[in-house]
Amino acid sequence: MAFLKRYHQLLRMKSRNISIDIIRTISCLYIIGIWHLVEYTSFAWKDGAFAYIGALFTTVAMGAFSFVSGICMQKYHFSKFQDCIYFLKKRIIRFYPLFFISAFSLLCAGFILSSHWFIDNSQFILTITGLSLLFPPTAPTLWFISMCMLFYYLTPFILWKRSENKPIMTFLRVFILILIIYICHYLSKGYFIDFKLLIYLPLYALGLLFPYNKYNFNKNSITLLICLFIALLICIYLKYTSLSSPLFCILLGLFGTLLLTLLSKGISHNEIISRFPIQAISYASMAAYLFHRQIYEVIYVITGEFNIISAIIAVSVVLILAYYIQYIYDKFITRFIPSI
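Parameters and conventions
- Residues numbered from 1 in each chain as written.
- Predicted model: local features only at pLDDT ≥ 70, side-chain atom pairs only at ≥ 80, totals over all residues.
- Heavy atoms only, no water.
- Helix = DSSP H or I, 4+ residues; strand = E, 2+ residues; numbered from the N terminus.
- Buried < 20%, exposed > 50% of the residue type's maximum accessible area, 1.4 Å probe, protein only.
- Contact = heavy atoms within 4.5 Å.
- Areas by Shrake-Rupley, 256 points an atom, 1.4 Å probe, with all protein chains shown as cover.
- Expected span 1.5 Å × (residues − 1).
- Phe/Tyr/Trp six-rings, centres within 6.5 Å; stacked < 30°, edge-to-face > 60°.
- Core = buried A, V, L, I, M, F, W, Y, C linked by side-chain atoms within 4.5 Å.
- Patch = residues over 30% accessible without salt bridge, like charges linked within 9 Å, V, L, I, M, F, W, Y side chains within 5 Å.
- Salt bridge = Lys/Arg side-chain N within 4 Å of Asp/Glu carboxyl O.
- Axes fitted to C-alpha atoms, helices over the stretch in contact; angles between N-to-C directions.
- Parallel < 35°, antiparallel > 145°, perpendicular 65-115°, else oblique.
- Nonpolar A, V, L, I, M, F, W, Y, C, P; charged D, E, K, R; others polar.

Draft legend 1. Layout of the overall build of the chain. Regarding its fold elements, the chain presents 12 helices and zero strands. The N-to-C order of helical and strand elements in the chain reads α-α-α-α-α-α-α-α-α-α-α-α. For the chain, the residues scored as buried account for 51% of the 340 residues in total. Put simply, of all contacts in the chain between residues at least 6 apart along the chain, 74% involve residues at least 24 apart. Surface summary for the chain: the accessible area is close to 17,500 Å², and the carbon and sulfur share equals 71%.

This is the structure we're talking about:
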């Protein structure tokens, strides 16, 4: 009962968009509950075809995360330098201490366990400063949060003096930014600009500019979904389905994100399932992503390779601990930094 009381207090403090929560929940459960969890099992199907199919779903999940991250940043407006400072300070305070603790714990774990998450200290520094996607290779797992940090650096530039009536300058900045990133990647032959940024930055920028709350998904999305599906079929027919192809990955990310969005909108409108677990998992998703590796490693050391039962227990432990980590951290910053 105490847990439910604290949860409802939290919901009263902050209004949540249930359709975005559903997208976050599905993506989070796939990444930490299947894609990363399977590494700690002896399941024979974790290699071969599963690796490719799983990577396809991972592209969709990370693309959806990037898209909804952009949607959540739409509310900010930048017309003077102080707006940029306020935005960066607010975003960094929201996630950075937990991010740093996670990165530092993985760095220390590399000296104890057989697994290593950073190849050297420079990769660690680049990761925690949000620059690792500019200077690959990136560290496993934490590359995504580091990339989100880079997205926050770029958000004021993209949304600077945005006007809904005259969006041409905003679109032009996005086009120039993405063009520069692609040129730098290909001219340097991947030495600068990680390939993953070529996929997820366009999806994040789309989230920043997409009228999510005003868009009539029922009227317009089926046609767009069919067009994207046909484009994917053409790629398959032309055998252009490599995960090293940014065009294919972006199309796949767009298709999967739109499909998840339609699903989430349908569930949120019809209230097919209880909102409580959806909102709780969505709320804990960032902490779960940051700390699931550490928790899995501890359980793996104690129990050995996961079976079905221990895998379910491991995921449950991650979600419960992540919820409380996020809750305690939010209470801390609300108390000591009430303006954030």
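Draft legend 2. Expanded view of helix α2 (residues 18-35). The terminal C-alpha atoms of α2, which comprises 18 residues, lie 24 Å apart, in line with the 26 Å expected from a rise of 1.5 Å per residue. The buried count for α2 comes to 14 of 18 residues, which makes it a mostly enclosed element.

Draft legend 3. Looking closely at the packing of aromatic side chains. Considering all chains together, one arrives at 30 aromatic pairs under this definition. Look at Tyr40 and Phe306: their rings are 5.7 Å apart centre to centre, the planes differ by 25°, and that puts the pair in the stacked class. Of this pair, Tyr40 sits in the loop between α2 and α3 (49-72) while Phe306 sits in the loop between α11 (275-303) and α12 (308-336), placing them 266 residues apart in sequence. Both residues of the pair, Tyr40 and Phe306, count as buried.

Draft legend 4. Broad picture of the environment of Lys196. Of note, Lys196 is situated in helix α8 (residues 195-209). Each residue touching Lys196, except ones within four places of it in the same chain, is listed here: Leu133, Thr138, Trp143 and Met147.

Draft legend 5. Main features of the nonpolar core. One finds Phe118, Phe144, Leu197 and Tyr296 to be the most contacted residues of the largest nonpolar core, which totals 83 residues. For Leu197, the contacting residues outside a window of four places in its chain are Leu133, Leu134, Met147, Leu150, Phe151, Ile181 and Pro202. The next biggest cluster of nonpolar side chains, apart from the first, holds 21 residues, and it includes Ile23, Phe248, Leu251 and Leu262.

Draft legend 6. Local environment of the side chain of His292. Examined against the element boundaries, His292 turns out to sit in helix α11. Judged by its relative accessible area of 0%, His292 falls in the buried class. In this structure His292 touches Ile32, His36, Thr141 and Val318, once residues within four positions along its chain are discounted.

Draft legend 7. Molecular detail of a nonpolar patch on the surface. Together, Ile168, Met169, Leu172, Phe175, Ile176, Leu179, Ile180, Ile183 and Leu187 make up a nonpolar patch on the protein surface, roughly 900 Å² of accessible area in all. Mapped onto the elements of the fold, Ile180 is located in helix α7 (residues 168-187).

Draft legend 8. Inspection of α8 at higher detail. Compared with the 21 Å implied by 1.5 Å per residue over 15 residues, the 23 Å span of α8 between its first and last C-alpha is a close match. Counting buried residues along α8, 12 of its 15 residues qualify, which places the element largely inside the surrounding structure. When we look at burial in α8, the residues that qualify are Phe195, Leu197, Leu198, Ile199, Tyr200, Leu201, Pro202, Leu203, Tyr204, Ala205, Gly207 and Leu208.

Draft legend 9. Main features of the packing of helix α6 (residues 143-159) against α7. Contact geometry of α6 with α7 gives a least axis separation of 8 Å together with a crossing angle of 140°. It follows that α6 is oblique to α7 by the angle criterion. Where α6 abuts α7, its residues Leu154, Phe157, Ile158 and Leu159 lie against Thr170, Arg173, Val174 and Leu177. Residues of the contact of α6 with α7, tallied by class, amount to six nonpolar, one polar and one charged.

Draft legend 10. Structural context of the pattern of salt bridges. Summed over the entire model, instances satisfying the criterion amount to five salt bridges. With its nearest N and O atoms 3.7 Å apart, the salt bridge here joins Arg94 to Asp330. Highlighted residues: Arg94 in helix α4 (residues 81-109) and Asp330 in helix α12, separated in sequence by 236 residues. Judged by relative accessible area, which is 23%, Arg94 ranks as partly exposed. Across the pair Lys196 and Asp194 runs a salt bridge whose closest N-O atoms are separated by 3.0 Å.

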